[in-house]
Structures are given as C-alpha cells and as structure tokens.
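Per-entry structural report
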Amino acid sequence: IIDAANAAIPRSRPNTMRRKYKPPPYFSEECKKAVQDRNHARNVMIRNKDNVDLRLRYRRLKGVAQAVIKNAARDHFREFCGTLDRTTKMTKVWSFTKSMSGAPLHTKISNLKNAGGDIIDNNKEKADLFAETFAAVSSNANRDADFNNYRQKFEADRKPRPDAIYNSTAENACINETFAMHELLRAARECKKATAPGEDNISYDMLKRLPKQCLRVLLDFYNGIWTSGKMPDVWRESIVVPILKIGKEKTAASSYRPISLTSTLCKLMERLVKNRLAYFIESKSKL
C-alpha cells in the first residue's frame, strides 16, 4: 500500500511557520465588499488627515461593515439552529461553534514553561514536557483510595480462573467466527473521510480503494489476528498532537489537549469488532 501511494500520490510539505486563517462560514461576498470599502475609505482618510468629510465617510462605512457582518452572522446562526434536532451530534455543534469564531489555526507550539518557571524552546524538551503532563492526567496518583480498592476488588472478581472451561453455545458461537468479506466492506464504508493517518501513513482512502485481491489479503490478515488473539505491537503506538484549548495560556503544557493518531488498519479492525458486537447485542436483546 505504501509503495503504491509513494508512486502515485504527490506529497508536499506544509509551511508550518505561516499562520493560517480560515474566514468564518457566514463571511459572504457582501461582507467582503463592505470590508473592502471600509479599508479603502480608511486608507484615503489616512492620506488626507485634515479632511473632515473623508473622516465621516470612513466612520459611516465602518458602521455599515459592522452591521453587514453582524446580520450575516445572525442569519447563519439562525439557519444552523433550524437544522438541529435530538439526533444532532455534539461534534457537529462544537465544529460549528469553532468555525463561527473564525479563529486562526496555530500550527506551531509556542515556548513552554515547566513547573519551575523555566522557558523551554527546544522541541525535544517540549515533547518530554507534554508526555509528562499527559501521562500525569491518567496516573494512579490521581485516584483516591476508595476508587483503587473498588477497582482491585472488581478486577479480582472477574479475573478468569486457570481451570475455567468456556464452551461456545449455539447462541454465542457467531461472535467468535472469522470475519466475512461483507463485514470488511461495511466497516470500510463507515470510516470517516479526510482523517489523519497514524505513523504508517496509511489513510482510510487508501484502504477504501484497494482492489478485491488486496481486500482478501487484508481480510486474511485480520482473521489471523482474530484467531490468534495477538495484536501487532505497532498498533499500540500513536502520534500524539497537542491542541491548544480555547482561551488557555499558550506557555502552559496543561493548556493543551492530546489528539492521538493511531493506525487506520487497527481502527478498521476495531470497527469490525464493534459492528459484530452491536449486531449480537441488538439481535439477542441483550440490552
């Protein structure tokens, strides 16, 4: 897959030093025209500072631009609210909220401060600080004694006994069967589009465009993992990207939330298992 992608798909290196800006979705041609007229009037006024008429003209066009942008934002917000119902996902709402702000996308991590207040400007040291901060969030030190005692008891009660024998009944035999081609095709269709790949650089679009012969190889690969119960070690690794939270201090590592980019091959198999479990639970009325 990687050899075919390298031979057929052009690659470009983005300019991470440039500050990207994406205009809000409501910024129409009318808004653009009003802003251009305002800026033109401002430039003329600056060149003729003593002209009162030009100053009044600039203030009038400035008010017009503000009104046009405000009305466009209000109409766009009302239109979006009209599409909301009880089935709307929160991710859609949050994406709309971020797009309305028109905030620039910061692609470069600023200098950070450690616990002692020292400035960190080295990328290696920044990564180490992020790793320590993110690991501390899930550390056992954050759990109280009551939770730890309950967790130990919970895991001890459900730990499989060495002498236990698990027999597959007619009802649950279908769960452990190997995956079929139609299950793989369905899982591939349900994968999201335009998502970042993991360290192997294999995207969902590459998997969706595999020919049938390659799909059969991929299905055999998944079934080999399924029957052996051994997952590839590379699937346990991920690329962690820190994303700055809105309104938080840029120099604090705790102001960033981690986004983990894992292997799409692993996530595709996870969807295979999820679809099978969901079908079993719903068809057998287990909920």
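Placed above this text is the structure.
Let us look at the structure shown here. (Residues numbered from 1 in each chain as written. Predicted model: local features only at pLDDT ≥ 70, side-chain atom pairs only at ≥ 80, totals over all residues. Heavy atoms only, no water.)

1. Thoughts on the nonpolar core
In plain terms, the rule: We define the nonpolar core as a collection of buried residues of types Ala, Val, Leu, Ile, Met, Phe, Trp, Tyr and Cys that are connected through side-chain atoms lying within 4.5 Å of one another. Whether a residue is buried, partly exposed or exposed follows from its accessible area with a 1.4 Å probe, protein chains only, as a fraction of its type maximum: under 20%, in between, or over 50%, in that order. By definition, any uninterrupted DSSP run of H or I lasting at least four residues is a helix, any uninterrupted run of E lasting at least two residues is a strand, and each is numbered from the N terminus. Residues are treated as being in contact if the distance between any of their heavy atoms lies within 4.5 Å.
Formed by 22 residues in total, the largest nonpolar core has its most connected members in Leu 184, Leu 207, Leu 218, Tyr 222, Trp 235, Leu 265 and Leu 268. Within the residue set of this core, elements represented by two or more residues are helix 7 (181–189), helix 8 (204–208), helix 9 (212–228) and helix 10 (264–283). Beyond its immediate stretch of four places on either side in the chain, Leu 184 contacts Leu 215, Leu 218, Leu 219, Tyr 222, Leu 268 and Leu 272. In terms of nonpolar packing, the next biggest core, distinct from the first, is built from ten residues, Ala 34, Ala 73, Phe 96 and Met 100 among them.

2. Quick word on helix 3 (residues 52–81)
Note the threshold: Expected helix span is taken as 1.5 Å per residue step, with the number of steps being one fewer than the number of residues. Any pair of nitrogen or oxygen atoms within 3.5 Å is treated as a polar contact; in protein, a donor-acceptor pairing is required on top of that, and neighbouring residues in sequence qualify only through side-chain atoms on both sides.
Here helix 3 spans 44 Å end to end across 30 residues, near enough to the 44 Å set by a 1.5 Å rise per residue. When we look at burial in helix 3, the residues that qualify are Leu 54, Tyr 58, Leu 61, Ala 65, Val 68, Ala 72, Ala 73 and Phe 80. In this fold, the buried residues of helix 3 make contact with helix 2 (29–47) and helix 4 (90–101). The opening residue of helix 3, the one whose side-chain oxygen lies 3.0 Å from the backbone nitrogen of Asp 53, is Asn 51.

3. Quick notes on a nonpolar patch on the surface
So the rule is basically this: Grouping into patches uses exposed residues only, defined as over 30% relative accessible area, and leaves out salt-bridged ones; the cut-off is 9 Å for like charges and 5 Å for nonpolar side chains (Val, Leu, Ile, Met, Phe, Trp, Tyr). Here the open area of atoms and residues is found with the Shrake-Rupley method and a 1.4 Å probe, where only the protein chains shown may cover a residue. Salt bridges, as used here, are contacts in which a Lys or Arg side-chain nitrogen is within 4 Å of a carboxyl oxygen on Asp or Glu.
Side chains of Ile 239, Val 241, Ile 243 and Ile 259 sit close together on the surface and give an oily, nonpolar patch of about 250 Å² of accessible area. Ranked by residue count, the leading element in the nonpolar patch is strand 3 (residues 239–244), at three residues. Along the chain, Ile 243 turns up in strand 3. The class for Ile 243 is partly exposed, based on a relative accessible area of 31%.

4. Quick word on unusual backbone geometry
The phi angle at Asn 201 is positive, at roughly 65 degrees, despite the residue not being glycine. Relative to the assigned elements, Asn 201 resides in the loop between helix 7 and helix 8. Notably, Ser 285 is not glycine yet its phi reads approximately 55 degrees, a positive angle. Within the secondary structure, Ser 285 is located in the segment after helix 10.

5. A look at the packing of aromatic side chains
The line we're drawing: Stacked, tilted and edge-to-face are the three classes assigned to paired rings of Phe, Tyr and Trp, where Trp is represented by its six-membered ring and a pair needs centres within 6.5 Å; plane angles under 30 degrees give stacked, over 60 edge-to-face, the rest tilted.
Here the structure, examined in full by the defined rule, presents nine aromatic pairs. Centre to centre, the rings of Phe 130 and Tyr 256 are 5.1 Å apart; their planes meet at 75 degrees, and the pair counts as edge-to-face. With a gap of 126 residues between them, Phe 130 in helix 5 (residues 123–137) and Tyr 256 in strand 4 (residues 256–261) connect regions that are remote in the sequence. Here Tyr 256 falls in the buried class, since its relative accessible area comes to 6%. One aromatic cluster is present, built from ring pairs that chain together Phe 77, Phe 80 and Phe 96.

6. Looking at the pattern of salt bridges
Taken as a whole and assessed by the stated rule, the structure comprises ten salt bridges. A salt bridge links Asp 75 to Arg 74, with the shortest nitrogen-to-oxygen separation between them at 3.7 Å. With a shortest N-O distance of 3.7 Å, Glu 190 and Arg 271 are connected by a salt bridge. Taken as a pair, Glu 190 in the loop between helix 7 and helix 8 and Arg 271 in helix 10 lie far apart in primary sequence, 81 residues in all. Under the relative-accessibility criterion, Arg 271 is labelled partly exposed at 23%. Put simply, Arg 186, Glu 190 and Arg 271 are held in one network by salt bridges that share partners.

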